[in-house]
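# Structural characterization, general
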2 protein chains.
Amino acid sequence: MERVSLLTDVRRTNDEVAAENQAIFRSMATLTVNLMSAPGAGKTTVLESTILRLGSHYRLAVIEGDLQTSIDSERILALGVPAHQITTGTVCHLDARMVRKAIAEFPLERVDVLFIENVGNLVCPAEFNLGEDLRVMVYSVVEGVEKPKKYPLMFHKADVVLLNKIDLIPYAGVELEELRKNVIEVNPRAAIFPISCRTGEGLEMWTQFLTVRIGAHKATAAESV
Amino acid sequence: MERVSLLTDVRRTNDEVAAENQAIFRSMATLTVNLMSAPGAGKTTVLESTILRLGSHYRLAVIEGDLQTSIDSERILALGVPAHQITTGTVCHLDARMVRKAIAEFPLERVDVLFIENVGNLVCPAEFNLGEDLRVMVYSVVEGVEKPKKYPLMFHKADVVLLNKIDLIPYAGVELEELRKNVIEVNPRAAIFPISCRTGEGLEMWTQFLTVRIGAHKATAAESV
């Protein structure tokens, strides 16, 4: 009981820092994307695939969040995209303060899209606003069709749900339409894209969506100057 | 910062309750198994497969932990095994107090093995001792080979690591031996069983291991009477 009320206090302060982050991102016309998922759903691979498709059109940067290791930021750096690794130790999510520190590492005024890859966790990251413009959830279809009901918060908060690893559907015994129905039940407003980073299926739709959002963001930023 | 110190306080009290739970389990000669994994790694399916193999030899009971829904406890009840569902709301792990309340639902003196299926989360459940005898981690090989390095705590604390869904290895591009090596690096003392609940591969080895542990536990309990 005590823990819940304490968390609420911590969260309020996090929201204040997140609002400041959001103001910084706006002033730089940088679209920020918070990528969340359970461990192993394929966030980094989605990032790599997205970078390969958008990297020649936009200036990208990545903040990586992990408990330990810099494996993920090294994968991004290998693609020639600036990446900063946050290692959280035992903390199971990124928070707005960690992101604030990390953005000091980038010349944000020269970044069109900043991807923030959260710690792999289907619960806690959804509770911490980072100041992002877009919440993108990556869900591995191999995890089964009933998870939207069992972990509703993250599905509910997502602007985009990428249903990843659809190439494994024939072997995993998962019904894509049932999964999609369960996602919509929890969040009818989310954009849902079934994708496979292995075969490339669905990635065109996802990156087109992102391109439209980048354009709209730049237009809004230009108007507000 | 504040959050960390507060968590430490909560954890100390949790350890005290866990020690009491452990004493209760011992006095009833009940072996308790804490099943942990990321969401969708297959804990409930492992439980079903284990129940089908051991259910006619031992008296089993299950505590299910989920944020929402009683989907999992219904699956267990359908096999004729007593099951009690804990729904944690937004709390991302079970703690010793929740388990204490739940065990009031069972006549423990008539339970040989109590399985406690934790909330699907690769981070937080590892920090909360429930008073269990055996920590069993289920890991879906589809989540990739590098997770033991990135989420070391749960791998480190596990007595048993079940590498599940090995039937998907040919389609998921995962090297089982590399994964096993990474697990051993973080935890050289864990018993590792590659399994597939779909094909049944490896389940005999896992349930034999569990049978030996049940026997040893009963013998120890009988000696201490």
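Refer to the structure presented above.
Residues numbered from 1 in each chain as written. Chains lettered and ligands numbered in written order. Predicted model: local features only at pLDDT ≥ 70, side-chain atom pairs only at ≥ 80, totals over all residues. Heavy atoms only, no water.

### Comments concerning the sheet that holds strand S4 (residues 113-117) of chain A
Residue and element names in this part refer to chain A. Using the following cut-off: Here, a strand pair is defined by DSSP locating no fewer than two bridges between the strands. Only DSSP runs of H or I covering at least 4 residues are called helices, and only runs of E covering at least 2 are called strands; the numbering of each starts at the N terminus. Axis definition: a line fit to C-alpha positions, over the contact stretch in the case of helices; interaxial angles, taken between N-to-C directions, run 0 to 180 degrees. Throughout, a contact is declared for two residues whenever any of their heavy atoms are within 4.5 Å.
Spatial ordering of the open sheet is given by S3-S2-S4-S1-S5-S6-S7, a layout of seven strands whose pairing is parallel. At either margin of the open sheet sits one strand with a lone partner, and together these are strand S3 (83-87) and strand S7 (191-194). The sheet shows a mean angle of 20° between the axes of neighbouring strands, direction not considered. The sheet contact formed by strand S6 (residues 160-164) and S7 spans four bridges and is parallel. Looking across to S7, one finds that Leu-163 is bridged to Pro-194. Lying on the sheet, helix H4 (residues 96-103) is in contact with strand S2 (60-66), S3 and S4; it crosses S3 at an angle near 145°. Against the sheet, helix H9 (residues 203-224) touches strand S1 (31-36), S4, strand S5 (134-140), S6 and S7, its axis set at about 145° to S1.

### Overview of the pairing of S3(A)
Residue and element names in this part refer to chain A. Rules: Place the viewer so that the strands point away; then a crossover is right-handed whenever the path from the first strand over the helix to the second strand goes clockwise.
Pairing of S2 with S3 involves five bridges; the strand directions are parallel. Among the inter-strand pairings, Ile-63 is bridged to a residue of S3, identified as His-84. Each parallel crossover has a hand, and for S2 linked through helix H3 (residues 71-77) to S3 it is right-handed.

### A short note on the packing of aromatic side chains
How we decide: Aromatic rings from Phe, Tyr and Trp, taking only the six-membered ring of Trp, are treated as a pair when their centres fall within 6.5 Å; an angle between ring planes under 30 degrees marks them as stacked, one over 60 as edge-to-face, and anything in between as tilted. Relative accessibility decides the category of a residue: with a 1.4 Å probe and only protein chains considered, values under 20% of the type maximum give buried, values over 50% give exposed, and everything between is partly exposed.
Considering all chains together, one arrives at nine aromatic pairs over all chains under this definition. Aromatic pair B:Phe193 and B:Trp206: ring centres 6.5 Å apart, planes at 55°, arrangement tilted. Here B:Phe193, found in strand S7 (residues 191-194), pairs with B:Trp206, found in helix H9 (residues 203-224); they are 13 residues apart in sequence, far enough to count as distant. On the accessibility criterion, B:Phe193 (9% relative accessible area) is buried. B:Trp206 gets classed as buried once you look at its relative accessible area, which sits at 1%. Within the aromatic cluster, the residues linked to one another by ring pairs are A:Phe193, A:Trp206 and A:Phe209.

### A short note on the nonpolar core
Threshold: To qualify as a nonpolar core, a set must consist of buried Ala, Val, Leu, Ile, Met, Phe, Trp, Tyr and Cys residues joined through side-chain atoms within 4.5 Å.
Ranked by size, the top nonpolar core spans 62 residues in total, and within it A:Val141, A:Leu163, B:Val141, B:Val161 and B:Leu163 carry the most contacts. Residues within four places of A:Val141 in sequence aside, it is in contact with A:Leu163, A:Asn164, A:Lys165, A:Ile166, A:Ile169, A:Val174, A:Leu176 and A:Leu179. Formed by 29 residues, the second largest nonpolar core is a distinct cluster that contains A:Ala41, A:Val136, A:Phe193 and A:Leu210.

### Structural notes on the relation of the copies chain A and chain B
Applied cut-off: Here the copies are superposed with least squares, the fitted atoms being C-alpha atoms of residues at a pLDDT of at least 70 in both.
Aligned on chain B, chain A shows an RMSD of 0.0 Å; the corresponding rotation is 180° and the shift along the axis is 0.0 Å. Expressed as a symmetry operation, the mapping of one chain copy onto the other fits a two-fold axis. Comparing contact sets, 97% of the residues at the interface of chain A also lie at the interface in chain B, consistent with an isologous, same-surface contact.

### Regarding the packing of helix H2 (residues 43-54) of chain A against H9(A)
All names here are of chain A. The condition that has to hold: An angle below 35 degrees is treated as roughly parallel, one above 145 as roughly antiparallel, one from 65 to 115 as roughly perpendicular, and anything else as oblique. Definitions for this section: a left-handed crossing has its near helix turned counterclockwise from the far helix by less than a right angle. A right-handed crossing has that turn clockwise. Residue polarity follows a fixed list, in which Ala, Val, Leu, Ile, Met, Phe, Trp, Tyr, Cys and Pro are nonpolar, Asp, Glu, Lys and Arg are charged, and the others, Gly among them, are polar.
Look at H2 against H9: their axes get within 10 Å of each other, and the N-to-C directions meet at 65°. Classified by the angle between their axes, H2 and H9 sit roughly perpendicular to one another. For the crossing formed where H2 meets H9, the hand is right-handed. Here H2 contributes Val-46, Ser-49, Thr-50, Arg-53 and Leu-54 to the contact with H9, which in turn contributes Leu-203, Trp-206, Thr-207, Leu-210, Thr-211 and Ile-214. Here the contact of H2 with H9 is built from residues that sort into six nonpolar, four polar and one charged.

### Concerning the interface of chain A and chain B
So the rule is basically this: A 1.4 Å probe defines the accessible area here, and the buried area is the portion of it lost by two parts on being joined, summed over both. Salt bridge criterion: a side-chain nitrogen from Lys or Arg within 4 Å of a carboxyl oxygen from Asp or Glu. Contacts described as polar in this section are N or O atom pairs within 3.5 Å, which, within protein, must combine one atom able to donate a hydrogen with one able to accept it, while residues neighboring in sequence count only if both atoms come from side chains.
At the interface, 39 residues of chain A touch 38 residues of chain B. Roughly 3300 Å² is buried in total at the junction of chain A and chain B, and carbon and sulfur atoms are behind 64% of that figure. Where chain A packs against chain B, one counts four salt bridges. Of the charged contacts, one joins B:Asp66 and A:Lys150 as a salt bridge, the two residues approaching to 3.7 Å between their closest N and O atoms. Here chain A is connected to chain B by eight residue pairs in polar contact (both at pLDDT 80 or more). Going through the elements one at a time, helix H1 (2-27), H3, helix H5 (147-150) and helix H7 (169-172) of chain A are the ones with two or more residues in the side of chain A that touches chain B. Counted by class, the side of chain A that touches chain B contains 18 nonpolar, eight polar and 13 charged residues.

### Looking at the sheet that holds strand S1 (residues 31-36) of chain B
Residue and element names in this part refer to chain B. If you trace the seven strands from one edge of the open sheet to the other, you get S3-S2-S4-S1-S5-S6-S7, paired in parallel fashion. Looking at the sheet topology across the chains shown, the edges are occupied by strand S3 (83-87) and S7. Strand after strand, the sheet turns through a mean of 20° between neighbouring axes, direction not considered. Those strands touched by helix H4 (residues 96-103) are strand S2 (60-66), S3 and strand S4 (113-117), and its axis lies near 145° from that of S3. Strands in contact with H9 are S1, S4, strand S5 (134-140), strand S6 (160-164) and S7; relative to S1, the strand with the most contacts, it is inclined by about 145°.

### Some thoughts on the environment of B:Leu54
Residues and elements named next belong to chain B. Position of Leu-54 among the secondary structure elements: in helix H2 (residues 43-54). Each C-alpha atom, one on Leu-54 and one on His-84, is 19 Å from the other, the two residues being 30 residues apart in sequence. When sequence neighbours within four positions are dropped, the list of residues in contact with Leu-54 reads Leu-60, Thr-207, Leu-210, Thr-211 and Ile-214.

### Here's the deal with the side chain of A:Glu132
Residue and element names in this part refer to chain A. Residue position: Glu-132 is located in the loop between S4 and S5. Of the polar contacts made by the side chain of Glu-132, one reaches the backbone nitrogen of Leu-130; its length is 2.8 Å. Looking at Glu-132, its side chain comes within polar contact range of the side chain of Arg-135, at 2.9 Å. Those residues in contact with Glu-132 that lie beyond four places of it in its chain are Gln-22, Thr-32 and Asn-34.

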